[in-house]
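# Reading the structure
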Amino acid sequence: MYKIFITRKLPEEIVQPLREKFEVIMWHSDEIPMKYEDIKKEAKDCNALWTVLSDKVDRELIESLPNLRIISNLAVGYNNIDIEAAKEKGIIVTNTPGVLTETTADLTFALLLATARRITEAEQDIRAGKWKSWTPMQLTGMDVYGSTLGIIGMGRIGEAVARRAKGFDMKVLYHNRTRKLESEQQYNFTYVELETLLKESDFVVILTPLTPETRGLIGKKELEMMKETSALINVARGGIVDEQALYDALVNKSIWAAGLDVFETEPVPLDHPLLTLPNVTVLPHIGSASIYTRLAMMQINATAIEDALEERVPENRVV
Ligand code: DGY
């Protein structure tokens, strides 16, 4: 009987159907991650490895699992997996695109609005008893309506964010490896070079995958190009932004604010300098976290594993 190893406790309603056909071994906690060494030891003879985005699946781990046929990752991003190593070994890798597009775009917009209008700061002030009176310039933020939005990475989620931006009458600029000519016409957004996007946008939203090319894409030089009144919103991966450079830019007021759903190290350490700044709105990597979407993502993983183990080609193959 084929063996499936799941590195995080997942809802039984998703896992149960797999138990009827395969041996399923699942980590006991949905919150405490498995240690790398434990995955290596406990998944040793598995045929399918079901991972979450924080599991490091490097060459060493892949080579230590001789019976592995598929790695199915509970995320659209797969920067945690050594794709080349998987490819060399003929191991299928799948992800969960599509179902999370609108949910992640909703969250992107929520974070953009919260950052612009200082929503978390405002709530914290009330709870801390700091609301003394209605004050003319209290918690004044930036207008979203009619502003310019710059999207770095115009994939499915980028397009969904751009569609939402139309409702706020925003001018939408984007930068991407490839032009999206059809969508440009359909939704009236404009392709620009990265430099132009950084210089002209009021809100710069990062939605590009983390790859060797995009690691550190936004550093000191890029932040200095942004307007003093602008905000950086990152809902992609922490590694795309140089966090020290971002901290410096916020302290030196070369940009106005940041909204971050992702960090270089997750969970973000409590003593991280960015957490000391009131003009940084933070979230714990919840881009795709609606009940429906998370269950739909898991169902995609389950189906991919079933397909791979039963010799069908799974959808959403990365390799
Ligand atoms: C993904 O799927 O890559 C997202 O970061 C999860 O929210």
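See the structure shown above.
Criteria and thresholds
- Residues numbered from 1 in each chain as written.
- Predicted model: local features only at pLDDT ≥ 70, side-chain atom pairs only at ≥ 80, totals over all residues.
- Heavy atoms only, no water.
- Helix = DSSP H or I, 4+ residues; strand = E, 2+ residues; numbered from the N terminus.
- Buried < 20%, exposed > 50% of the residue type's maximum accessible area, 1.4 Å probe, protein only.
- Contact = heavy atoms within 4.5 Å.
- Areas by Shrake-Rupley, 256 points an atom, 1.4 Å probe, with all protein chains shown as cover.
- Lys, Arg positive; Asp, Glu negative; His and termini not counted.
- Charge placed at Lys NZ, Arg CZ, Asp CG, Glu CD.
- Pairing = 2+ DSSP bridges.
- Axes fitted to C-alpha atoms, helices over the stretch in contact; angles between N-to-C directions.
- Near = heavy atom within 4 Å.
- Polar contact = N/O pair within 3.5 Å; in protein donor to acceptor, adjacent residues only side chain to side chain.
- Nonpolar A, V, L, I, M, F, W, Y, C, P; charged D, E, K, R; others polar.
- Salt bridge = Lys/Arg side-chain N within 4 Å of Asp/Glu carboxyl O.
- Core = buried A, V, L, I, M, F, W, Y, C linked by side-chain atoms within 4.5 Å.
- Domains from an automatic or database assignment.

So, on to the overall build of the protein chain. The number of helices and strands found in the protein chain is twelve helices and twelve strands. Referenced to the eigenvectors of the C-alpha coordinate spread, the extents of the protein chain come out at roughly 70 × 50 × 35 Å. Sorting the 319 residues of the protein chain into buried and exposed places 50% on the buried side. The contacts in the protein chain between residues at least 6 apart in sequence include a share of 60% that link residues at least 24 apart. Element-wise, carbon and sulfur atoms account for 53% of the exposed surface of the protein chain, whose accessible area totals about 16,000 Å². The centroid of the 37 positive side-chain charges in the protein chain is displaced by 1 Å from the centroid of its 47 negative side-chain charges.

What follows is about the sheet that holds strand β5 (residues 92–94). Read from one edge to the other, the open sheet built from five strands follows the order β2-β1-β3-β4-β5, with strand pairing classed as parallel. The open sheet has two edge strands with one neighbour each: β2 (23–26) and β5. The average undirected angle you get between the axes of adjacent strands in this sheet is 15°. Bridge count between strand β1 (residues 3–6) and β2: four bridges; the pairing is parallel. Looking across to β2, one finds that phenylalanine 5 is bridged to isoleucine 25. Across the sheet, helix α1 (residues 12–19) is in contact with β1, β2 and β3 (48–52); its angle to β2 comes to roughly 145°. Taken strand by strand, helix α12 (residues 291–309) contacts β1, β3, β4 (70–74) and β5, and its axis lies near 175° from that of β4.

Quick look at the site of the ligand now. Around the ligand lies a shell formed by Leu53, Ala75, Val76, Gly77, Leu100, Arg237, His285, Ser288 and Arg294. In this structure, glycine 77 approaches the ligand through a main-chain N or O atom, which is 2.9 Å from an oxygen atom. Between the ligand and the protein, one listed contact pairs an oxygen atom with a side-chain N or O atom of arginine 237 at 2.7 Å. Contact with the protein chains covers 93% of the free accessible surface of the ligand, which is 230 Å². Among the residues forming the shell around the ligand, the class breakdown is four nonpolar, three polar and two charged.

Here we come to the pattern of salt bridges. This model, assessed by the stated rule, comprises 23 salt bridges. Between arginine 59 and glutamate 88 there is a salt bridge, and its shortest N-O distance comes to 3.0 Å. Placement of the pair is arginine 59 in helix α3 (residues 59–63) and glutamate 88 in helix α4 (residues 83–88), with a sequence separation of 29 residues. A residue is classified by how much of its surface remains accessible, and glutamate 88, at 56% relative accessible area, is exposed. Its salt-bridge partner being glutamate 224, residue lysine 220 comes within 3.0 Å of it at the nearest N-O pair. You can see lysine 220 and its partner glutamate 224 sitting in helix α10 (residues 220–225), four residues apart, about one turn around the helix.

This part is about the nonpolar core. By size, the foremost hydrophobic cluster in this structure holds 49 residues, and its most contacted members are Ile4, Trp50, Leu149 and Ile151. Per-element accounting of this core gives the leading share, seven residues, to α12. Residues lining this core come from more than one domain, with at least three contributed by each of domain 1 (3–97 + 291–309) and domain 2 (101–282). If near-sequence neighbours (up to four positions away) are discounted, tryptophan 50 is found in contact with Phe5, Ile6, Thr7, Leu10, Ile14, Leu18, Ser72, Leu74, Met298, Asn301, Ala302 and Ile305. One finds Leu198, Leu232, Val241 and Ala249 within the second-largest nonpolar core, a separate group that totals 27 residues.

Let us look at unusual backbone geometry. With omega at -5°, the peptide bond leading from glutamate 266 into proline 267 counts as cis. Mapping proline 267 onto the fold places it in the loop between β11 (257–260) and β12 (280–282). Even without glycine at this site, arginine 118 takes up a positive phi of about 55°. Topologically, arginine 118 is positioned in the loop between α5 (101–116) and α6 (119–127). Positive phi outside glycine occurs at asparagine 188, with the angle close to 60°. Note on placement: asparagine 188 falls in the loop between α8 (181–187) and β8 (190–191). A relative accessible area of 54% means that asparagine 188 is categorised as exposed.

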